[in-house]
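What follows is the residue order along each chain.
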Amino acid sequence: AKQTLASMRISQCNAAEASSIIAKVYDEVYSAVRDAQNKPIINMVSEGSEKESSSNDKELPDSAFLLQTCKLMIECAPEDNSLALKALDLLDLLLNQNDEDPELWYVMGIGALACEPRDVVQAKEAFQKARALVETAIERAEEADDDDDDGDGDHEMDWQSYLDLIDQQLSC
């Protein structure tokens, strides 16, 4: 609900309130996601805590929610630059879960450009990684089309528009 409210405030040109709201969302989810990723390590160190912690576990937001939170934080970064840095921290956690998602890498690049000062090197690396992943997806889709005579190639057009978007960022 807070994420939606932040999005509404952005659309109403109320960046200050949107920044405050999305910062609260980050505060609510970041440590829980980070702790969940570190949990297997903690469990290996302290055996037997699994039963105790399972009753205290909260349901974590899914990666789509977290990615949208990052996008909103980056959009609010001109109002509060710390949001861009926090978005990059949250994106790092998402990449720990799935580093083969080109959208995560693309948003990482946009986030690096939203920082003050802009991190052009990190942005370029992220955009190049996103591009490589899209190219791999296109190759796999073409191979699948070769194996399946019913393939219509619509996915190729979607991937190409994504490549165009990445190339636009790389050319800046």
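Owing to the predicted nature of the structure, the values given are computational and were not obtained by experimental measurement. (Residues numbered from 1 in each chain as written. Predicted model: local features only at pLDDT ≥ 70, side-chain atom pairs only at ≥ 80, totals over all residues. Heavy atoms only, no water.)

**Examining the overall build of the protein**
Here is step 1: Helix and strand content of the protein: 8 helices and 0 strands.
Here is step 2: When the elements of the protein are put in sequence order from the N terminus, they spell out α-α-α-α-α-α-α-α.
Here is step 3: Out of the 172 residues in the protein, the part that is buried amounts to 34%.
Here is step 4: The long-range share in the protein, meaning contacts at least 24 apart out of those at least 6 apart in sequence, stands at 64%.
Here is step 5: If you sum the accessible surface of the protein, you get close to 10500 Å²; carbon and sulfur atoms cover 49% of it. (Helix = DSSP H or I, 4+ residues; strand = E, 2+ residues; numbered from the N terminus. Buried < 20%, exposed > 50% of the residue type's maximum accessible area, 1.4 Å probe, protein only. Contact = heavy atoms within 4.5 Å. Areas by Shrake-Rupley, 256 points an atom, 1.4 Å probe, with all protein chains shown as cover.)

**Focus: the packing of helix α4 (residues 63-76) against helix α5 (residues 82-97)**
Between two packed helices, both the angle of their axes relative to each other and the distance between the axes serve to describe the pair.
Here is step 1: Interaxial distance between α4 and α5 falls to 8 Å at its minimum, and their mutual angle equals 155°. Comparing the axis directions of α4 and α5 gives the class roughly antiparallel. At the point where α4 passes α5, the crossing takes the left-handed sense. Contacts from S63, L66, L67, T69, C70, M73, I74 and C76 in α4 reach L83, K86, A87, L90, L91, L94 and Q97 in α5.
Here is step 2: A per-class count over the contact of α4 with α5 returns 11 nonpolar, 3 polar and 1 charged. (Axes fitted to C-alpha atoms, helices over the stretch in contact; angles between N-to-C directions. Parallel < 35°, antiparallel > 145°, perpendicular 65-115°, else oblique. Left-handed = near helix turned anticlockwise from the far one by under 90°. Nonpolar A, V, L, I, M, F, W, Y, C, P; charged D, E, K, R; others polar.)

**Comments concerning the packing of helix α6 (residues 102-114) against helix α7 (residues 120-147)**
Here is step 1: The interhelical angle for the contact between α6 and α7, taken along N-to-C directions, is 165°, at an axis separation of 8 Å. Judged by the inter-axis angle, α6 sits roughly antiparallel to α7. The crossing of α6 and α7 is left-handed. Note on element contacts: α7 touches α6 through V120, Q122, A123, A126, F127, K129, A130, L133 and V134, opposite P102, W105, Y106, M108, G109, I110, A112 and L113.
Here is step 2: Within the contact of α6 with α7, the residues separate by chemical class into 14 nonpolar, 2 polar and 1 charged.

**Details of the nonpolar core**
Here is step 1: I22, L90, L91, L94 and I166 are the most contacted members of the largest nonpolar core, which has 46 residues in total.
Here is step 2: Those elements that provide at least two residues to this core are α1 (2-11), α2 (15-45), α4, α5, α6, α7 and α8 (154-171).
Here is step 3: I166 has contacts with Y106, F127, A130, R131 and V134, leaving out every residue within four places of it along the chain. (Core = buried A, V, L, I, M, F, W, Y, C linked by side-chain atoms within 4.5 Å.)

**Brief notes about the confidence of the model for the protein**
Here is step 1: Counting all residues, the mean pLDDT for the protein is 87, and 83% of those residues have values of 70 or more.
Here is step 2: Between residues 49-56, whose pLDDT stays under 50, and residues either more than four places distant or in other chains, the model counts 3 contacts. (pLDDT = per-residue confidence, 0-100.)

**Digging into α5**
Quick reminder: α-helices carry 3.6 residues per turn. Residues three or four places apart thus point the same way.
Here is step 1: In this model α5 runs 23 Å from its N-terminal to its C-terminal C-alpha over 16 residues, within 8% of the 22 Å that 1.5 Å per residue would give.
Here is step 2: Taken residue by residue, α5 has L83, A84, A87, L88, L90, L91, L93, L94 and L95 as its buried positions. (Expected span 1.5 Å × (residues − 1).)

**So, the packing of aromatic side chains**
Here is step 1: A complete count under the given rule lists 4 aromatic pairs for this structure.
Here is step 2: Taking the centre distance of 5.5 Å and the plane angle of 50° together, the rings of Y106 and F127 count as tilted. On the criterion of sequence distance, the pair formed by Y106 in helix α6 and F127 in helix α7 is long-range, its members being 21 residues apart. F127 shares its class with Y106; the two are buried. (Phe/Tyr/Trp six-rings, centres within 6.5 Å; stacked < 30°, edge-to-face > 60°.)

**Things to note about the side chain of R9**
Here is step 1: Of note, R9 is situated in helix α1.
Here is step 2: Here the side chain of R9 touches Q12 through a polar contact of 2.8 Å, side chain to side chain.
Here is step 3: In this structure R9 touches N14, A15, E17, A18 and I21, once residues within four positions along its chain are discounted. (Polar contact = N/O pair within 3.5 Å; in protein donor to acceptor, adjacent residues only side chain to side chain.)

**Concerning the pattern of salt bridges**
Here is step 1: Scanning the model with the defined rule gives 6 salt bridges in all.
Here is step 2: Ionic pairing is found between E28 and K2, a salt bridge with its closest N-O pair at 2.3 Å. Placement of E28 in helix α2 and of K2 in helix α1 is noted, with a sequence separation of 26 residues between them.
Here is step 3: Of the residues examined, E28 reaches a relative accessible area of 47% and is grouped as partly exposed.
Here is step 4: Close ionic contact of D35 with R34 constitutes a salt bridge, the shortest N to O distance being 3.3 Å.
Here is step 5: Because the salt bridges share partners, they merge into one network encompassing R131, E135 and D167. (Salt bridge = Lys/Arg side-chain N within 4 Å of Asp/Glu carboxyl O.)

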